[in-house]
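Next come the chains, spelled out residue by residue.
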Amino acid sequence: MERGSVTAGRFKAAFAAAEGNDGDWARIAKACIEELGDLPEGANLGFLYATDVLADDLGSILTFLRERSGIEHWVGTIGIGIVGNGVEFYNRPAVSCLVASMTEDTFRLFSPVVDSVEKFQNDHGEWIGRNHPTLGVVHGDPRNQDMTEIIEDLSEATSAFLVGGLTSSRGESPQVAGSMTEGGLSGVLFASDQIVVAALTQGCSPIGPVRRVTSGEGTIIKTIDDRPAVEILKEDIGELLARDIKRIGGYIYVSFPIAASDTGDYLVRNLLGIDEMRGWIQVGDVVTPGMAVSFCRRDNETAIQDLKRMLSDITARAGTAPRAGLYYSCIARGRHLFGPDGEEMQEIRAQLGDIPITGFFANGEISNNRLYGYTGVLTLLF
């Protein structure tokens, strides 16, 4: 059994993982509780993440942790991979959690928003008006086709900065929001007295200039800058890659710069298809004429550079050592981009020190009011 814990003030994180595939949920949960040991005084909120091989057991794990810890309020989900205190776990039974001692009425759990935010506003509007939340930690169901709009609507309804991700799983997609649930966007809101700093790191780097979609419909881009989209794609990726354009999958992506961003953020979407006969490309998002577009590449070197940039930026903005952290990274990052030995989390620990931290590898990352891809979203708690 691999296990460990870290404490800092009112926060404590613990993890437990089977050495192979033979660990049952009860042994994993028991080891995690043992690592939590003596909790911070007044601990009343927990974040819970488990690998997707434990998806069917998440309810049992939640009940066990609640009964043994005495902590009533839990939020979380599952992931194909999870993180805890500088380590990463995939393809084996593992649990990672972070517990915190919060002042009463300064946080508010909410069940999934599956379409309209009307019921959410009716249930939580009074608390929001009284506490003016600045942060929301959220988990989304990737099967909900309205997730992008739900994220935007919830951000507007709360005026909170949202961080989190979509459940990643090879089976069911359960969430924890006080109790077991699924289907929408759930999580916890924090009142304005909770000090946080959040930042985002991109896993792809732009290539070529920012251009404009001049014709297209649905997910099809027909022309860019009044020229066939495939022609522009070949021009921007360079002659070498353009020689066999069908082999660029998994390396070249489409990016949509965010006009309102003062940090040059962009949304990365998959390049789904190339029609060389008609000169069209298909992308993983709905496009409209006039929107900005460019191409980008994904590689280890640029991802590491941007991760280090983000870590340097967030520590400078923090001004003081954080007490704990939450990290939500794309499932296409981690071992696939940085290496099989937890290099992504090791880089974070090298910069921040051994602070309590938990999180998971997501099927889409949430930062502020947008759903990203191929990014890492880090939130520091004080």
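Residues numbered from 1 in each chain as written. Predicted model: local features only at pLDDT ≥ 70, side-chain atom pairs only at ≥ 80, totals over all residues. Heavy atoms only, no water.

**Quick notes on the packing of aromatic side chains**
Here is the rule we go by: Note on ring pairs: Phe, Tyr and Trp rings are taken, using the six-membered ring of Trp, and paired if centres are within 6.5 Å. Classes follow the plane angle, with under 30 degrees stacked, over 60 edge-to-face and the rest tilted. The way it works is that DSSP assigns letters per residue, a run of H or I at least four long becomes a helix, a run of E at least two long becomes a strand, and they are numbered from the N terminus. The buried label applies to any residue whose accessible area, calculated with a 1.4 Å probe on protein chains only, is under 20% of its type's maximum; exposed applies above 50%, and partly exposed to all values in between. Note on geometry: a ring has a charge over it if NZ (lysine) or CZ (arginine) is within 6 Å of the ring centre and within 35 degrees of the ring normal.
All told, the structure shown has 9 aromatic pairs when counted by the stated rule. Ring plane angle 20° and centroid distance 5.3 Å describe the contact between Tyr 49 and Phe 360, whose orientation is recorded as stacked. Here the residue Tyr 49 occupies a position in strand E3 (residues 45-51), and Phe 360 occupies one in strand E24 (residues 357-362), the gap between them amounting to 311 residues. Grouping residues by exposure puts Tyr 49 and Phe 360 together as buried. Through a chain of ring-to-ring contacts, the aromatic side chains of Tyr 49, Tyr 328 and Phe 360 assemble into a single cluster. For Arg 335, the ring lying beneath its charged end belongs to Tyr 90, and the centroid distance is 4.2 Å.

**Let's talk about the nonpolar core**
Formally: In this description, a nonpolar core means a group of buried Ala, Val, Leu, Ile, Met, Phe, Trp, Tyr and Cys residues linked to one another through side-chain atoms lying within 4.5 Å. The contact criterion used throughout is that any non-hydrogen atoms of two residues lie within 4.5 Å.
Residues Phe 47, Leu 98, Val 137, Val 188 and Phe 190 are the most contacted members of the largest nonpolar core, which totals 34 residues. It is strand E2 (residues 11-17) that contributes the most residues to this core, 4 residues altogether. If near-sequence neighbours (up to four positions away) are discounted, Leu 98 is found in contact with Phe 11, Lys 12, Ala 13, Leu 45, Gly 46, Phe 47, Ala 324, Gly 325, Leu 326, Pro 356, Thr 358 and Leu 381. Membership of the second largest hydrophobic core comes to 26 residues, among which are Ile 28, Ala 43, Leu 48 and Leu 65.

**Details of the sheet that holds strand E13 (residues 185-190)**
The condition that has to hold: Two strands pair under a simple rule: DSSP has to find at least two bridges between them. Lines are fitted to the C-alpha atoms to define the axes, a helix being fitted only along its stretch in contact, and any angle between axes, read from their N-to-C directions, falls within 0 to 180 degrees.
Read from one edge to the other, the open sheet built from 6 strands follows the order E8-E13-E9-E10-E25-E26, with strand pairing classed as mixed. Both outer strands of the open sheet, strand E8 (107-113) and strand E26 (370-372), are each paired with one neighbouring strand and no more. Within this sheet the neighbouring strands show an average axis-to-axis angle of 20°, counted without direction. With 6 bridges connecting them, strand E9 (residues 135-140) and strand E10 (residues 161-166) associate as parallel partners.

**Some points on the sheet that holds strand E12 (residues 179-181)**
The 7 strands lie next to each other as E1-E2-E7-E3-E4-E11-E12, forming an open sheet whose pairing is mixed. If you trace the sheet from one side to the other, it starts and ends with strand E1 (2-8) and E12, each paired once. Geometrically, the sheet is characterised by an average inter-axis angle of 15° between neighbouring strands, direction not taken into account. Inspection of the sheet shows strand E4 (residues 73-79) paired to strand E11 (residues 175-177) by 3 bridges, in the antiparallel sense. Looking at E11, one finds that Thr 77 is bridged to Gln 175. Contacting E1, E2 and strand E7 (94-100), helix H1 (residues 25-36) crosses the sheet at an angle of about 150° to E2. Against the sheet, helix H2 (residues 58-69) contacts E3, E4, E7, E11 and E12, and its axis sits at roughly 150° relative to E4.

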